[in-house]
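Structural features, examined
Chain residues, written in single-letter form:
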Amino acid sequence: MHRPMTTETFKLGYNDIHDDVIRSIVKTGPKYYIALATAGGTTLLCFFFPWFYQLYYGIGAAGMNHPGVWGTYLASFIFWIGLSHSGTLLSCVLHLTNSSWRKAMYRSAEAMTLFSLVVAATYVMVHVGRPWFIHWAVPYPNQMELWPNFRSPLMFDVMAIATYITGSTIFIYMGSIPDFAAVRDRTSGWRNTMYTLLSLGWRGTDKEWHRLHWAYTFLAVLIIPLAVSVHSIVSWDFAMSIVPSLHQTIFAPYFVVGAIYSGTAGIVTVMFVLRKSMGFEQYITKLHFDNLGKLLLVLSLIWTYINGVELFTAWYSGTSEEYEALNYKLFGYYSWLYWEMIIFCAVLPMLMFSTRFRTSFVPMLILSIAINIGMYTERFLIIATSLSRQYLPDAWGTYVPSPVEISIMLGSFALFTTLFLVFVKIFPSVSMYEVKETMATPKMEPAAPAAGSPA
Amino acid sequence: MTSNVVGLFHDPESALTAAGQLKGAGFESLEIMSPVPIHGVEEVLGKKKSVIKNFTFMGALIGGISGFALAAGTAIAWPHPVGGRPIITMPPFLIITYELTILFGILATVLGFFISSRLPAFRNRVYVPESAVDKFVVTAPCDDAEHFKRAEAILNDAGAEQVREIGGSDL
Amino acid sequence: MSLFSRFMDGWRKYRKPGYYDEFDYHWTMTIDLDKCTGCEACVTACQAENNIPIVGEEEIAKGREMQWIRVERYWEGEYPNAKLSFIPMMCQHCDAAPCETVCPVGATYHNQDGLNTQIYNRCIGTRACAVYCPYEVRYFNYYDHEWDSPLEQQLNPEVTVRGKGVMEKCTFCIQRIREAKDVAKDDDRRRVQDGDVQPACVQSCPSKALVFGDRKDTESQVYQSMNDPRNYRVLDELNTDSSVFYLKKVDA
Ligand code: SF4
Ligand code: SF4
């Protein structure tokens with residue numbers, strides 16, 4: 001099972017990996033603190049401050065109006081849920097198919113899942129009109145004997161996202177137990193206490209490894225259908241309505257593919273940043289970018305296809321309301337956004353047909369960001385164009401986001417970054433034991449005193 | 001007086017060989033500690049069966065039943081006419097069932113993992129910190145000094161880098 | 001055996017769709033578009049009756065108007081031969097209401113009168129119902145609204161005022177129905193008779209275009225009127241099974 005990933009990592013011994021990863025946790029330079037302070041400050045200023053303003057004055061601080069009762073808050077919610085769809089899902093698929101190239105990157109990909117979900121859950125609170133009563137959407141026994149309405153697609157959302165957050169937290173935690181144990185032995189003080197608790201007394205015995213392997217496999221088997229269901233359910237928030245151009249059967253697969261697409265692009269971005277900032281050049285290599293690039297290319301083709309199908313069915317239906325919605329989408333008020341989305345998500349990714357493009361880091365970074373901008377636009381358009389053109393022409397209108405909304409949207413990225421920055425100092429952001437596993441021998445330099453061993 | 005013999009190896013193969021020889025010499029409750037999961041332990045120390053899959057299955061089953069019971073039960077507890085749909089509405093309730101099946105399946109898997117691997121365990125146990133870095137460690141409890149000597153010889157023969165004695169019975 | 005049969009009975013009962021034939025009343029409205037002059041008296045009456053906030057110019061410009069009933073205007077044809085038609089639009093009290101199924105907390109549901117009700121206290125403001133309603137008749141409180149000085153004197157004590165973050169819409173003037181039922185109960189326990197209750201919009205309509213009543217009472221005026229050959233329901237093809245019937249405008 002000791003398969004080398006690339007000749008580059010081959011040069012490292014177990015010890016080097018250990019040192020590199022632990023260094024990334026305990027050695028904290030001023031740059032990190034500057035980054036953390038910036039991200040934290042931006043979060044406070046751009047996310048929480050406008051949100052509190054909105055809580056105080058009412059949701060009118062956002063730009064939503066009569067036909068456009070949903071806006072960027074919901075678009076961001078879908079965006080963040082979508083971004084969460086590559087980490088854990090990809091990691092599970094690659095675990096089950098035993099692909100070794102996942103190993104260096106999956107921990108941070110899973111963290112991305114977790115934090116995207118946290119941001120998305122926060123967005124639910126930002127979105128609703130009375131977040132102080134949000135607990136009413138949770139099934140708990142109460143004095144009034146009032147229960148939530150389980151027929152509602154929004155209620156499916158609550159259940160699915162709660163399950164998904166639980167599942168991905170457990171998944172990332174289980175995968176990190178051996179690494180926590182390894183860090184525990186190298187740290188002292190409060191860190192030691194923390195890692196002792198986190199590692200649960202893990203010793204790495206054969207039995208523990210065996211159990212971990214099976215538990216991990218079963219979790220992976222459970223989480224794949226879960227992740228698929230989560231984004232299908234998010235799509236049903238729209239598809240279960242009877243709004244023209246939202247009421248589409250293709251929405252569930254469309255959203256799932258879109259989610260994995262934007263999530264994979266997000267992974268490329270995060271990998272790039274992690275590689276540069278934490279000195280993980282040896283672990284995150286061209287190979288990863290190449291493979292992720294191929295995956296992105298396939299997803300982009302599927303996404304383009306589904307988009308085409310959506311347009312075709314709308315056109316072929318021939319009903320006046322679908323026609324109008326289609327016309328509005330392609331040539332109406334928001335049409336420039338539509339064409340931007342097509343360029344970013346369908347045209348530019350074609351560059352990835354070239355291997356040279358896939359293996360160059362900076363172009364991949366730029367493309368991955370472009371894809372995510374395009375995917376955000378997609379979510380925004382799904383809501384804005386459809387709600388603007390519904391059945392009764394008297395109730396047509398346009399929705400334009402307000403400064404508060406835009407600020408909260410930008411602030412959510414800062415919130416995500418803050419969470420991620422905290423993560424890299426607590427979790428070993430590269431899975432030590434799995435990277436070790438992929439290498440040929442524990443120790444490369446035979447110069448080390450081998451105490452006369454025959455091996 | 002009991003103690004534990006601990007042999008450190010720098011590759012999994014010799015650790016496995018040593019473990020096999022110890023087992024052949026009549027030592028019991030052998031454990032191999034390693035920084036990475038090693039393959040082929042089962043051939044040496046015997047097949048392992050894990051109960052986790054039973055936990056997962058039971059959890060999923062209970063989750064499915066309680067998911068449907070939650071949705072249908074709360075709907076009946078306070079019939080709430082909505083949209084001309086029946087009180088027990090199949091398609092949406094099956095989605096709730098599906099989600100809770102998975103949720104309970106996940107939680108039960110974790111429970112199964114904790115129970116079957118005896119974690120969390122914060123008491124003192126035989127442990128060699130090097131095993132988390134790059135050493136493969138074979139350990140076995142020994143009844144007395146003579147016993148220990150025998151184990152030490154076997155481990156050294158198999159190419160151990162180091163052999164240590166850890167703790168008494170309180171470990 | 002008894003347990004099983006009890007279970008089966010319950011199952012059959014709770015699996016039965018479309019239980020609205022079991023309701024006590026089935027309030028219905030008909031709107032004769034031939035008689036509607038587009039005077040918007042109904043809009044004003046509704047505003048006064050139901051404490052609908054006055055949102056102000058800026059909010060209207062943002063498209064956040066609040067009017068539980070609105071008169072939609074549609075033009076047909078080019079200038080010399082232009083034709084104008086009006087259609088008052090309020091909550092259609094759909095029996096298969098898409099807005100009800102989507103509310104996660106059950107703040108909107110069907111009551112025993114066949115009315116689509118909105119429970120303001122329970123509403124958490126997801127606004128999903130407004131998206132799901134194909135008639136676009138749900139209005140959201142984006143702010144806490146205030147009534148300028150003399151106006152707060154005219155608030156209807158029978159109706160609550162709604163705070164920020166809550167959805168609202170036409171209730172078929174449920175407070176009047178409630179009152180009529182109370183009176184009927186005091187008065188020898190009889191059912192509410194035709195003509196006992198009139199919503200504000202119906203009451204104020206100068207051309208008597210709006211008719212309101214109980215559809216279960218086959219003698220009622222509304223029953224006669226909804227069986228007029230000109231009757232149709234807006235967006236009937238969506239199967240919302242609405243309770244507001246329109247009588248088509250017939251061109252001479
Ligand atoms: S008209 Fe709209 S708000 Fe009224 S019951 Fe029908 S769907 Fe609901
Ligand atoms: S029935 Fe009452 S609430 Fe509904 S539109 Fe008429 S006046 Fe307004």
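Please refer to the structure higher up on the page.
Residues numbered from 1 in each chain as written. Chains lettered and ligands numbered in written order. Predicted model: local features only at pLDDT ≥ 70, side-chain atom pairs only at ≥ 80, totals over all residues. Heavy atoms only, no water.

Not every one of the 13 residues close to ligand 1 is listed here, only the nearest: C91, Q92, C94, C99 and C133 of chain C. Taken together, the residues of the shell around ligand 1 break down into 8 nonpolar, 3 polar and 2 charged. (Near = heavy atom within 4 Å. Nonpolar A, V, L, I, M, F, W, Y, C, P; charged D, E, K, R; others polar.)

Many descriptions give the size of an interface as the accessible area lost when the pieces come together. Listed by partner, the interface residues are 45 residues for chain C and 46 residues for chain A. For the pair chain C and chain A, the two sides together bury roughly 3600 Å², of which 58% comes from carbon and sulfur. By the criterion of area lost to chain A, the three top residues of chain C are R122, V131 and Y132 of chain C, representing 18% of everything that side buries. Between D394 of chain A and R70 of chain C there is a salt bridge, with its nearest N and O atoms 3.4 Å apart. Where chain C meets chain A, there are 35 residue pairs in polar contact (both at pLDDT 80 or more). Elements represented by at least two residues in the side of chain C that touches chain A include exactly β2 (70-76), α4 (98-102), α5 (128-132) and β6 (139-140) of chain C. Tallied by class, the residues present in the side of chain C that touches chain A amount to 25 nonpolar, 8 polar and 12 charged. (Contact = heavy atoms within 4.5 Å. Buried area = accessible area lost by both parts, 1.4 Å probe. Salt bridge = Lys/Arg side-chain N within 4 Å of Asp/Glu carboxyl O. Polar contact = N/O pair within 3.5 Å; in protein donor to acceptor, adjacent residues only side chain to side chain. Helix = DSSP H or I, 4+ residues; strand = E, 2+ residues; numbered from the N terminus.)

Read from one edge of the open sheet, 4 strands run β8-β1-β10-β9 (chain C), paired in mixed fashion. In this open sheet, the two edge strands, each paired with only one partner strand, are β8 (210-214) and β9 (231-232) of chain C. (Pairing = 2+ DSSP bridges.)

Right, let's get into the pattern of salt bridges. Summed over the entire model, instances satisfying the criterion amount to 21 salt bridges over all chains. In this structure, D179 of chain A engages R107 of chain A in a salt bridge whose closest nitrogen and oxygen atoms are separated by 3.3 Å. Note that D179 of chain A is positioned in helix α6 (residues 153-186) and R107 of chain A in helix α5 (residues 106-127), a separation of 72 residues in sequence. Classification of D179 of chain A as buried rests on a relative accessible area of 1%. The network of salt bridges with shared partners includes D32, D34, D228 and R230 of chain C. (Buried < 20%, exposed > 50% of the residue type's maximum accessible area, 1.4 Å probe, protein only.)

This paragraph deals with the interface of chain B and chain A. Across the boundary between the two partners, chain B contributes 66 residues, which contact 62 residues of chain A. Of the roughly 5600 Å² buried between chain B and chain A on both sides combined, carbon and sulfur atoms contribute 70%. If you sort the residues of chain B by the area they bury against chain A, E99, I106 and F113 of chain B come out on top, with a joint share of 10%. At the junction of chain B and chain A, the tally comes to 1 salt bridge.

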